[in-house]
Amino acid sequence: MTPGAGETKRAAALPPGVSRGEDAADWPPDLRRCDVVVIGSGAGGMTAAAELAEAGFDVVVVEEGGYRETGDFTAEPSQMVSSLYRDGGATMALGNPPILYQEGRTVGGSTVINGGMSWRTPERVLEDWHRRSGVDRIRMRDMEPYFDRVERRIHVSHQDEESIGRDSELLRLGAERKGWDVIPNLRGQLHCPGSNNCAFGCPTGAKQSALVSYLPRALHFGARVISGLRVTRILRDGKRAVGIEGKVAGPRRARRAQKLEIRADLVILAAGATQSPALLTRSGFRAPSRQLGRNLSLHPNAKVVAVYDEDVRGWEGVHQAYQVREFEDEGLLFAAINLPPGVLAMSVPRYGAELGELLQDYARTLVAGVLVEDTSVGRLLTGPGGWPLATYQLGDRDAHQIVRGVRLLCDLLLESGARRILPPFEGVGEIRDRADLDALDPRRIPKSAMEVVTVHLMGTARMGKDRSEAVCDSFGWVYDSDRLMICDASLFPSPIGVNPAETVQALATRNAQHAIETWTER
Amino acid sequence: MTAGAEWPARRHLPARIRKLLESLARVVCPPEAAELGLEPGIVARVETVLAALPGPMRAGLFAGLAAYEAGALLDPAHRGKPASALSPAQAEAYFQRWWTSRLLLRRELAKNAKGLLCLACYEMPEMKEALNYTPEAWIARAKTRRLARYAPEVRAHEAALAKPDPLPVFNSQRES
Ligand SMILES: Cc1cc2nc3c(=O)[nH]c(=O)nc-3n(C[C@H](O)[C@H](O)[C@H](O)COP(=O)(O)OP(=O)(O)OC[C@H]3O[C@@H](n4cnc5c(N)ncnc54)[C@H](O)[C@@H]3O)c2cc1C
Ligand code: SF4
């Protein structure tokens, strides 16, 4: 049954090893003690938890979101976004333009709603982290075993031919006609049949999100997971982290605002790039470098909507089968992404009859995106009540790159037969032929006219050798604290220009290994 | 086994907000939606989405909607009617003024209200059918095809997830 608007629905029964926060609140004290408590069950947290559980540690993972499983996922965006996304997917980074950003809040974290693209960190980025930030054991030869391991677990592979839809083929065709480099995407998937529902949870179980890969593995090796428990504070004894305090999250909060403490010998923070710095701040940890919350990068993303004369039926075929890499050195990537009609209707700057006219062509519509490797940096402030507040001022270079990327992408789409294209800039009309491309002039489009979104937040607790410049050391240990390690996207010293989940997972594996190796020293 | 957590609970919209949203749906959604009488269903879906928003964001949106409703009273041409009671032509013109306003907050309110209502509108089965948008059927076929062709590999991968493969451990020194 698909719940109608406003209805509530009991989600799946929980697998053994997963408990709800309100049930865990009744656990006896011995169950509320463990070797390692991991905050957050996403790309970083679940990976670290599985590795540590396999190494024999008693691991408890605490996750704010609820537990949903494959059978719960449907093509009903508003229902899915309400239950799988933080803040209903409507959070903004303040600046000019304001940037909508999205993060998962569910067991499995953002991997449950991500596109499954899985790429190694580019070698040039790892070299840069080594040279400029002094990060140890981070060069490609050091990282390869971790990438291999993650790729094995989440089955990183190319798509089966039959799963590729017309939208991706049109993107490839346009790139080939332009003579541009276009490559098949690598995804963490096992025979994904191309249902194109990745952003609302994979309804076939093919996407190897943490929910169907690292979670079952962690549970198999004895980890426990508590869902629906928001960590409010990391408990400390001086500089040493000694556990967490959490509050039962979710709809019952009003009736039973229970608190729960878990004591542990090691605290792993993997709440993601917006929540981790806020949690450290509200727990009283101060980075000597004063860099906590700074250096936010977010791969700004802009989308164009192209209409063809032929049927595209973007929902029939995998999400982003190809990536155009021709401009990778300039920090630009292009891909075809399908948006359901509701999400498309929500995001295009039209309403009423005009919107209806555009959407009538929905089956002939292709949506494509430009991802920019940013040079601007934002900041994560901790607002009233300890809530994170992101600010990000798009720099001139990045704004220029967004317009340039959109122009190149429109050119590609015209080449593959697009009849009309809507660029993501207020006040710029439709692109119907090459002459219209002149309207896409970076000097004439103000930042305030740009519709920019992101799903890649990084860098707010960066690692580095120098404690006066970084928040954590090379293996995620938080400077000026003890027994506190970070294993999420906040570790990145810089943006990476490709999809970040595999980098997060490889770093979490490497950090977990370091924790195991140094356990007795602690 | 413990039962799973509930989906976000229903939090009812105040009647005046519901009434305003229904009137706004007639302006921002394509005309077919009103012809099919979908406004109550659309607003019920918006209610679900709003339930997931954090309190301050929800409160901000409600305050904006209240300002929109009351703002219409200030226009003498409306003869003392709030936004939700305007004639279709007046409602359209009033919304357009907010949509193109110089004030960022007004533009943002118009954009957000339109976004929420249009998202919900195109999730209504009637609207999906009109677009020939049939994701559920496609998903069901895709799922069946995958299992028919690849079940042994899927099972083998699931089994491999439970196989020991511990991380090699070397000695290393902590930097800090
Ligand atoms: C829609 C979308 C599409 C994406 N597509 C791709 C893609 O195709 N490929 C790719 O590589 N990357 C993609 N990404 C990005 C990628 O998924 C993230 O970079 C990655 O998951 C980040 O890992 P993380 O461990 O830092 O955080 P997350 O995976 O977000 O996990 C953090 C978890 O911590 C929990 N948490 C936060 N605060 C608390 C608290 N106080 N108490 C308890 N729990 C808490 C959260 O609820 C969440 O579950 C996408 C992201 C999104 C949102
Ligand atoms: S496209 Fe593939 S990975 Fe994405 S939801 Fe569909 S089956 Fe799952």
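Residues numbered from 1 in each chain as written. Chains lettered and ligands numbered in written order. Predicted model: local features only at pLDDT ≥ 70, side-chain atom pairs only at ≥ 80, totals over all residues. Heavy atoms only, no water.

Draft legend 1. Seen up close, the interface of chain A and chain B. Listed by partner, the interface residues are 98 residues for chain A and 70 residues for chain B. Both faces considered, chain A and chain B share a buried interface measuring about 7,500 Å² in area, 56% of it formed by carbon and sulfur atoms. Counting every contact that joins chain A to chain B gives seven salt bridges. Residues B:Lys111 and A:Glu451 are paired through a salt bridge, measuring 3.7 Å at the closest nitrogen-oxygen approach. The interface formed by chain A and chain B contains 30 residue pairs in polar contact (both at pLDDT 80 or more). Those elements giving two or more residues to the side of chain A that touches chain B turn out to be β1 (18-20), α2 (43-54), α3 (77-84), α5 (140-153), α7 (214-220), α9 (341-347), α10 (352-359) and α12 (501-517) of chain A. Taken together, the residues that form the side of chain A that touches chain B break down as 38 nonpolar, 29 polar and 31 charged. (Contact = heavy atoms within 4.5 Å. Buried area = accessible area lost by both parts, 1.4 Å probe. Salt bridge = Lys/Arg side-chain N within 4 Å of Asp/Glu carboxyl O. Polar contact = N/O pair within 3.5 Å; in protein donor to acceptor, adjacent residues only side chain to side chain. Helix = DSSP H or I, 4+ residues; strand = E, 2+ residues; numbered from the N terminus. Nonpolar A, V, L, I, M, F, W, Y, C, P; charged D, E, K, R; others polar.)

Draft legend 2. View of the pattern of salt bridges. Counting across every chain of the model gives 54 salt bridges over all chains. A:Arg224 serves as the salt-bridge partner of A:Asp58, at 3.4 Å between the closest nitrogen and oxygen. Of this pair, A:Asp58 sits in the loop between α2 and β3 (59-62) while A:Arg224 sits in strand β9 (residues 224-227), placing them 166 residues apart in sequence. Since its relative accessible area comes to 28%, A:Asp58 is described here as partly exposed. One connected set of salt bridges, linked through shared partners, spans A:Glu51, A:Glu54, A:Arg149, A:Arg152, A:Arg153, A:Arg217 and B:Asp165. (Buried < 20%, exposed > 50% of the residue type's maximum accessible area, 1.4 Å probe, protein only.)

Draft legend 3. Quick peek at the layout of surface pockets. Residues and elements named next belong to chain A. The computed volume of the second largest pocket comes to approximately 530 Å³. Along the walls of the second largest pocket sit 24 residues, with Asp128, Arg132, Ser133, Pro493 and Ser494 positioned nearest its centre. Classifying every residue of the lining of the second largest pocket gives seven nonpolar, eight polar and nine charged. (1 Å grid on protein atoms, 1.4 Å probe; cavity = no way out; pocket = protein on both sides within 12 Å on 5 of 7 lines; lining within 4 Å. Points joined across faces, edges and corners; volume = space filled by probe spheres on them.)

Draft legend 4. Representation of the site of ligand 2 in the model. The environment of ligand 2 is formed by 13 residues, the closest being A:Cys192, A:Ser195, A:Asn196, A:Cys198 and A:Cys202. Residues of the shell around ligand 2, tallied by class, amount to six nonpolar, five polar and two charged. (Near = heavy atom within 4 Å.)

Draft legend 5. Structural view of the site of ligand 1. Residues and elements named next belong to chain A. In the region of ligand 1, 38 residues are neighbours, and Glu63, Ser110, Met117, Val231 and Ala501 sit closest. A distance of 3.1 Å separates a nitrogen atom of ligand 1 from a polar atom in the backbone of Glu64. Within the side chain of Asn114, one N or O atom sits 3.1 Å away from an oxygen atom of ligand 1. Protein contacts shield 95% of the accessible area of ligand 1, which totals 1,000 Å² for the unbound molecule. Listing elements by their share of the shell around ligand 1, those giving two or more residues are α2, β10 (229-237), α8 (275-282) and α12. The biggest single contributor to the shell around ligand 1 is β10, with three residues. (Areas by Shrake-Rupley, 256 points an atom, 1.4 Å probe, with all protein chains shown as cover.)

Draft legend 6. Summary view of the domain arrangement of chain B. Partitioning chain B into structural domains gives domain 1 (15-130) and domain 2 (134-164). Placing the centre of domain 1 of chain B and that of domain 2 of chain B at their C-alpha centroids yields a distance of 42 Å. (Domains from an automatic or database assignment.)

Draft legend 7. Summary view of a nonpolar patch on the surface. Nonpolar side chains collect at one region of the surface, where A:Met92, A:Leu94, A:Leu381 and A:Leu389 lie side by side and expose about 290 Å² of accessible area between them. By secondary structure assignment, the location of A:Leu94 is in the loop between β4 (91-93) and β5 (99-101). (Patch = residues over 30% accessible without salt bridge, like charges linked within 9 Å, V, L, I, M, F, W, Y side chains within 5 Å.)

Draft legend 8. Here's a closer look at the packing of α2(A) against α12(A). All names here are of chain A. As a packed pair, α2 and α12 sit with axes 8 Å apart at the nearest point and diverge in direction by 35 degrees. Remark: the crossing between α2 and α12 carries right-handed chirality. Contact with α2, carried on its side by Ala43, Gly44, Thr47, Ala48, Glu51 and Leu52, involves Ala501, Val504, Gln505, Ala508, Thr509, Ala512, Ala515 and Ile516 of α12 and no other residues of that element. In the contact of α2 with α12, the residues fall into nine nonpolar, four polar and one charged. (Axes fitted to C-alpha atoms, helices over the stretch in contact; angles between N-to-C directions. Left-handed = near helix turned anticlockwise from the far one by under 90°.)

Draft legend 9. Local environment of the pairing of strand β2 (residues 33-39) of chain A. All names here are of chain A. With five of its seven residues buried, β2 lies for the most part within the structure. By the bridge criterion, six bridges tie β2 to strand β12 (residues 259-269) in an arrangement that is parallel. Each residue of the ladder has a partner; that of Val37, found in β12, is Val267. Taken together, the four bridges between β2 and β3 define a ladder with parallel strand orientation. Within the sheet, the bridge partner assigned to Val38 lies in β3 and is Val61. As a crossover connection, the stretch from β2 through α2 into β3 is right-handed. (Pairing = 2+ DSSP bridges. Right-handed = clockwise from strand over helix to strand, strands pointing away.)

Draft legend 10. Representation of the side chain of A:Thr111 within the structure. Residues and elements named next belong to chain A. With respect to the helices and strands, Thr111 occurs in the loop between β5 and α4 (123-133). Reaching out from Thr111, the side chain makes a polar contact with the backbone oxygen of Gly108 at a distance of 2.6 Å. Within the local environment of Thr111, its side chain forms a polar contact with the backbone nitrogen of Ala210, the two atoms lying 2.9 Å apart. Setting aside anything within four residues of it in sequence, one finds Thr111 in contact with Gly42, Ala43, Lys207, Ser209, Ala210 and Leu211.

Draft legend 11. Spatial organisation of the side chain of A:Gln189. Residue and element names in this part refer to chain A. With respect to the helices and strands, the residue Gln189 is situated in the loop between β8 (187-188) and α7. According to the relative accessible area criterion, Gln189 is buried, its value standing at 2%. In this structure the side chain of Gln189 is engaged in a polar contact, spanning 2.9 Å, whose partner is the side chain of Ser157. A distance of 3.2 Å separates a polar atom in the side chain of Gln189 from the backbone nitrogen of His191. Once residues within four sequence positions are removed from consideration, Gln189 is found in contact with Ile154, His155, Ser157, His158, Gln159, Ala206, Lys207 and Gln208.

Draft legend 12. Representation of the nonpolar core in the model. Within the largest apolar cluster, 110 residues are counted, with the highest numbers of intra-cluster contacts made by A:Trp129, A:Ile234, A:Leu413 and A:Leu440. Per-element tally for this core: the top contributor is helix α11 (residues 396-415) of chain A, with ten residues. If sequence neighbours within four positions are ignored, A:Ile234 has contacts with A:Ile39, A:Ala241, A:Gly243, A:Ile244, A:Val267, A:Leu269, A:Leu279, A:Leu280, A:Ser283, A:Phe285 and A:Leu484. Membership of the second largest hydrophobic core comes to 107 residues, among which are A:Ala50, A:Trp477, B:Leu21 and B:Leu86. (Core = buried A, V, L, I, M, F, W, Y, C linked by side-chain atoms within 4.5 Å.)

Draft legend 13. Spatial organisation of the packing of helix α4 (residues 55-71) of chain B against helix α6 (residues 104-121) of chain B. Residues and elements named next belong to chain B. At their nearest, the axes of α4 and α6 sit 10 Å apart, and the two run at 105 degrees to each other. As summarised for this structure, α4 and α6 are arranged roughly perpendicular, according to the angle between their axes. For the pair formed by α4 and α6, the contact residues are Leu61, Gly64, Leu65 and Tyr68 on the first element and Leu109, Asn112, Ala113 and Leu116 on the second. A per-class count over the contact of α4 with α6 returns six nonpolar, two polar and no charged. (Parallel < 35°, antiparallel > 145°, perpendicular 65-115°, else oblique.)

Draft legend 14. Region of interest: the environment of A:Arg105. All names here are of chain A. Note that Arg105 resides in the loop between β5 and α4. Residue classification places Arg105 among the partly exposed positions, given a relative accessible area of 22%. Residues Arg105 and Leu84 lie 21 residues apart in sequence; the distance between their C-alpha atoms is 5.4 Å. If near-sequence neighbours (up to four positions away) are discounted, Arg105 is found in contact with Glu63, Glu64, Gly65, Gly66, Ser83, Leu84, Tyr85, Arg86 and Asp87. Within the structure, the side chain of Arg105 is placed 3.4 Å from the side chain of Glu64, a separation counted as a polar contact.

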